Amino acid sequence: ELDESGGTVSSQTTYVVDYELLTSPVLVPWASGITSIDHNLYIRGRYVYEANYQAGLRILDISQMTAALPQNKLRETGFFKTWTGQLANSFNGAWSSYPYFGDDGNGNPEFVVVQDIEQGLFVLDVSDALEQ
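What this report covers is the structure whose coordinates are included nearby.

### Here's the deal with the packing of aromatic side chains
Okay, so step 1: Considering all chains together, one arrives at 6 aromatic pairs under this definition.
Okay, so step 2: A centroid spacing of 5.1 Å and a plane angle of 90 degrees characterise the contact between Tyr53 and Phe91, whose relative ring orientation is edge-to-face. With Tyr53 in the loop between strand 4 (47-51) and strand 5 (57-61) and Phe91 in the loop between strand 6 (75-80) and strand 7 (94-101), this pair connects stretches of sequence that are 38 residues apart.
Okay, so step 3: For Tyr53, a relative accessible area of 4% gives the class buried.

### Some remarks on the pattern of salt bridges
For side chains bearing opposite charge, pairing can occur when the charged atoms are close.
Okay, so step 1: By the definition in use, this model includes 4 salt bridges.
Okay, so step 2: A salt bridge links Asp103 to Arg44, with the shortest nitrogen-to-oxygen separation between them at 3.7 Å. Within this pair, whereas Asp103 is found in the loop between strand 7 and strand 8 (111-116), its partner Arg44 is found in strand 3 (residues 41-44), the two being separated by 59 residues in sequence.
Okay, so step 3: On the basis of relative accessibility, which here comes to 42%, the residue Asp103 falls in the partly exposed class.
Okay, so step 4: When its relative accessible area of 12% is taken as the criterion, Arg44 is described as buried.
Okay, so step 5: When the shortest N-O distance is used, the salt bridge between Asp61 and Arg46 registers 2.7 Å. On the criterion of sequence distance, the pair formed by Asp61 in strand 5 and Arg46 in the loop between strand 3 and strand 4 is long-range, its members being 15 residues apart.
Okay, so step 6: Note on Arg46: relative accessible area 31%, which makes it partly exposed.

### Some remarks on the sheet that holds strand 3
Note: strands within a sheet are paired through backbone hydrogen bonds, in either parallel or antiparallel orientation.
Okay, so step 1: Read from one edge of the open sheet, 4 strands run 3-4-5-6, paired in antiparallel fashion. Two strands in the sheet have a free side with no partner beyond their single neighbour: strand 3 and strand 6. Averaged over all pairs of adjacent strands, the angle between strand axes in this sheet comes to 20 degrees, irrespective of strand direction.
Okay, so step 2: Judged from the 5 bridges that link them, strand 4 and strand 5 form a sheet pairing that is antiparallel.

Reading guide: rules and limits
What you see as residue numbers is a count from 1 along each chain, following the sequence as written. Confidence filtering applies because this is a predicted model: local features only for residues at pLDDT of at least 70, side-chain atom pairs given and counted only at 80 or more, and all residues used for totals across whole chains, interfaces and linings. Side-chain descriptors were evaluated using all non-hydrogen atoms of the structure, hydrogens and water having been removed beforehand. Stacked, edge-to-face and tilted are the three classes for Phe, Tyr and Trp ring pairs, Trp counted by its six-membered ring, which pair at centre distances within 6.5 Å; planes under 30 degrees apart are stacked, over 60 edge-to-face, the rest tilted. What counts as a helix is a DSSP run of H or I of at least four residues, what counts as a strand is a run of E of at least two, and both are numbered from the N terminus. When a residue's accessible area, from a 1.4 Å probe over protein chains only, is under 20% of the maximum for its type it is buried; when over 50% it is exposed; and in between it is partly exposed. Each salt bridge in this description consists of a side-chain nitrogen of Lys or Arg and a carboxyl oxygen of Asp or Glu lying within 4 Å of one another. Note on pairing: two strands pair once DSSP finds at least 2 bridges between them. A fitted line through C-alpha atoms serves as each axis, taken over the contacting stretch for helices, and the angle formed by two N-to-C directions is quoted from 0 to 180°.

Quick look at the structure:
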């Protein structure tokens, strides 16, 4: 949170620690290019479900963590913007999500809940954002 709001990075940046080799963990930064602050994220299968305050829910594919370039390790496959105004590095909008309801038969959630500070609760069918 504070890297975006404090101006340490130029756009919303997600940090993933790759523990494929337990003796040599690798910190992987991924810049989205959007103006927002990332917050609570959860991993289920090959997807990251990330609340991004004013940018809403962002769904990222993490199946390419072995890619050589950090920017190619994550790929956004879908989003749902809960904030109705312009994007800014501010603490409004989607605060958290929860992708652990049900199973569509492929290890993906049947739906995702997103909690927005101002707008309330959203229950989303995210199946179009998930590659089967």
